[in-house]
Amino acid sequence: MPLHPNMEPAEFLDILRRRKWVILFSVLLIHIGTMVYCILAPDLYQSTMKLLIIPPTVSEGMVQTTVNIEAQDRLKMLEQDILSRSRLTEVINELEFFKEESRKISSDAMVNRMRKHIEIDTKGKNTFILTFLHENPEVAMRVTSRLG
């Protein structure tokens, strides 16, 4: 029976009554799938650091500025520096991050894997938020602190 504009409430109830098993099994399947995902998915901890870029406060009369960098450009430069291969390799080696996997995968793969866990969000004209996700809360905190 197709849906039409002038359906009565009894007709809607009749449709629900005829399809009750389909509805019930769909709801149960979604519920069980969600429970399995929650049990099997690893816990991820997020460590966040808010960084504020403070421009130089020396007056122009005392010191002549040779470089004129806008705040947005400075934020982009810092973001590139944080995500650079050399910086991330240094952090990986210093904190012995990916210690078990270092024998199995290349350093490029480790750097790319670490980049996937880093989020940088620009807030305003002179602030950005650095976030790192990891399964171990202490590691997340140490990496965020080191990157900041």
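Structural data are supplied above this passage.
These figures come from a predicted structure and were not determined experimentally. (Residues numbered from 1 in each chain as written. Predicted model: local features only at pLDDT ≥ 70, side-chain atom pairs only at ≥ 80, totals over all residues. Heavy atoms only, no water.)

(A) Seen up close, the packing of helix H4 (residues 85-94) against helix H6 (residues 137-147). Relative to each other, H4 and H6 sit at 140°, their axes nearing to 11 Å. Our classification of the angle between H4 and H6 gives oblique. For the pair H4 and H6, the sense of crossing is right-handed. The residues of H6 that touch H4, namely those facing Arg87, Leu88, Glu90, Val91 and Glu94, are Val143, Arg146 and Leu147. Tallied by class, residues from the contact of H4 with H6 come to 4 nonpolar, no polar and 4 charged. (Axes fitted to C-alpha atoms, helices over the stretch in contact; angles between N-to-C directions. Helix = DSSP H or I, 4+ residues; strand = E, 2+ residues; numbered from the N terminus. Parallel < 35°, antiparallel > 145°, perpendicular 65-115°, else oblique. Left-handed = near helix turned anticlockwise from the far one by under 90°. Contact = heavy atoms within 4.5 Å. Nonpolar A, V, L, I, M, F, W, Y, C, P; charged D, E, K, R; others polar.)

(B) Local environment of the packing of H4 against helix H5 (residues 107-116). Where H4 meets H5, the closest approach of the two axes is 10 Å, and the angle between their N-to-C directions is 95°. Classed by the angle they form, the pair H4 and H5 counts as roughly perpendicular. Residue-level inspection shows Arg85, Leu88, Thr89, Val91 and Ile92 of H4 in contact with H5, the latter providing Ser107, Asp108, Met110, Val111, Met114 and Arg115. Each residue belonging to the contact of H4 with H5 can be placed in one class, and the counts come to 6 nonpolar, 2 polar and 3 charged.

(C) Quick peek at the nonpolar core. Phe97, Met114, Ile118, Phe128, Phe132, Val143 and Leu147 are the most contacted members of the largest nonpolar core, which has 21 residues in total. Listed by contribution, the elements that provide at least two residues to this core are helix H3 (71-82), H4, H5, strand S2 (118-123), strand S3 (127-134) and H6. The element best represented in this core is H6, accounting for 4 residues. (Core = buried A, V, L, I, M, F, W, Y, C linked by side-chain atoms within 4.5 Å. Buried < 20%, exposed > 50% of the residue type's maximum accessible area, 1.4 Å probe, protein only.)

(D) Layout of the side chain of Thr127. For Thr127, the position within the fold is in strand S3. Look past the residues within four positions of Thr127 in its chain and what remains in contact with it is Lys50, Leu51, Leu52, Leu75, Asp121 and Thr122.

(E) Quick peek at the pattern of salt bridges. Under the defined criterion, the tally for this structure stands at 6 salt bridges. Two residues, Arg87 and Asp81, come together in a salt bridge whose shortest N-O distance is 2.9 Å. In this structure Asp81 comes out as partly exposed when scored by relative accessible area, which is 33%. Each of Asp14, Arg17 and Arg18 takes part in one network of salt bridges that share partners. (Salt bridge = Lys/Arg side-chain N within 4 Å of Asp/Glu carboxyl O.)

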